[in-house]
Amino acid sequence: MTARRRRQIAWSLRGLALAALVVHALGRQASHSGGLVEVARWADHPVPLIGAAVVLTVVSAVVELEFRTRWSQIGGAAVLVALMFVGFPIALLSYATGGDGRAVDRKADPHRPDRVLTVTDTAFSVDPVYHVELLTGTGWSARHWDLGVWDERDGRGSFKRAEWSGPDRITVTSATETTVFTVDPATGRPGDPTTARR
């Protein structure tokens, strides 16, 4: 293989690595409150995307270099083995701890079926940690809005329920307090919460 051909392949691989990083950045942005649900679902996977970018970059460097001496071949193989031993445990750990959590409840707004209240248990341990979100819209224009995380250790007491308590109104109840969100009828965006002790 000529040096020019190796350079072309190497830069093609680097372009793919850059594309993987761009997709990761889009997914990361969409995972924040107000982001697009489908973009976050498809593109917010940091371990495979960043891992692919690193692997493609390393492979592009290997393709571009010319390993003619015995020591350069041994050194290249040692670097690849070291990357494998570092990358495999990270990928395995991310697979074991990954996921969006366990769905606990899902309630559509009785007045607006395009608004859905979701409760997910995102705890890695036995003690539940409840993440409450509002989904607005449908299809690729659907957005998710974080309403908060309820954890027994944060002083709010144990989570009881999240429900639609009226038109454009969400109430989240825990053992010690009640939190009320008012949803903007035009945009579907929740306003600042009002909290009262029980």
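Conventions and cut-offs
- Residues numbered from 1 in each chain as written.
- Predicted model: local features only at pLDDT ≥ 70, side-chain atom pairs only at ≥ 80, totals over all residues.
- Heavy atoms only, no water.
- Salt bridge = Lys/Arg side-chain N within 4 Å of Asp/Glu carboxyl O.
- Helix = DSSP H or I, 4+ residues; strand = E, 2+ residues; numbered from the N terminus.
- Buried < 20%, exposed > 50% of the residue type's maximum accessible area, 1.4 Å probe, protein only.
- Polar contact = N/O pair within 3.5 Å; in protein donor to acceptor, adjacent residues only side chain to side chain.
- Contact = heavy atoms within 4.5 Å.
- Expected span 1.5 Å × (residues − 1).
- Axes fitted to C-alpha atoms, helices over the stretch in contact; angles between N-to-C directions.
- Parallel < 35°, antiparallel > 145°, perpendicular 65-115°, else oblique.
- Left-handed = near helix turned anticlockwise from the far one by under 90°.
- Nonpolar A, V, L, I, M, F, W, Y, C, P; charged D, E, K, R; others polar.
- Phe/Tyr/Trp six-rings, centres within 6.5 Å; stacked < 30°, edge-to-face > 60°.
- Lys NZ or Arg CZ within 6 Å of the ring centre and 35° of its normal.
- Core = buried A, V, L, I, M, F, W, Y, C linked by side-chain atoms within 4.5 Å.

### Some thoughts on the pattern of salt bridges
Think of it this way: side chains of opposite charge can pair up when their charged atoms draw near. Enumeration according to the criterion identifies seven salt bridges in this entry. Residue Asp168 is joined to Arg115 by a salt bridge in which the shortest nitrogen-to-oxygen separation is 2.7 Å. With a gap of 53 residues between them, Asp168 in the loop between β5 (159-166) and β6 (169-174) and Arg115 in strand β2 (residues 115-121) connect regions that are remote in the sequence. Like Asp168, the residue Arg115 is buried in the burial classification. Of the charged contacts in the structure, one is a salt bridge between Glu177 and Arg197, with a shortest N-O distance of 3.7 Å. One end of the pair, Glu177, is in strand β7 (residues 177-182); the other, Arg197, is in strand β8 (residues 194-197), and 20 residues separate them in sequence.

### Here we look at the side chain of Thr136
Looking at the element boundaries, Thr136 is found in strand β3 (residues 129-136). Classification of Thr136 by relative accessible area gives buried; the value is 7%. Here the side chain of Thr136 touches Trp145 through a polar contact of 3.2 Å, side chain to side chain. Residues in contact with Thr136, not counting those within four places in the same chain, are Asp114, Arg115, Ser141, Ala142, Arg143, Trp145 and Gly188.

### Details of helix α3 (residues 46-64)
End to end, α3 covers 27 Å across 19 residues, agreeing with the expected 27 Å (1.5 Å per residue, within 8%). Buried residues belonging to α3 abut α1 (3-30) and α2 (37-43).

### Re the packing of α1 against α3
Axis separation between α1 and α3 bottoms out at 8 Å; the angle between their running directions is 165 degrees. Comparing the axis directions of α1 and α3 gives the class roughly antiparallel. Where α1 crosses over α3, the two elements pack in a sense that is left-handed. Here the contact of α1 with α3 is built from residues that sort into 17 nonpolar, three polar and four charged.

### Description of the packing of aromatic side chains
Per the counting criterion, the structure on display carries two aromatic pairs. Through a chain of ring-to-ring contacts, three or more aromatic side chains come together here, namely Tyr130, Trp150 and Phe159. Positioned above the aromatic ring of Trp11, the side-chain terminus of Arg14 is 4.6 Å from the ring centre.

### Structural notes on the nonpolar core
Within the largest apolar cluster, 15 residues are counted, with the highest numbers of intra-cluster contacts made by Val132, Phe159, Ile170 and Val172. For this core, the secondary structure elements donating two or more residues are β2, β3, β4 (143-151), β5 and β6. The contact partners of Ile170, leaving out residues within four places of it in the chain, are Leu117, Leu134, Leu147, Glu163, Trp164, Ser165, Thr179, Val180, Phe181 and Val183.

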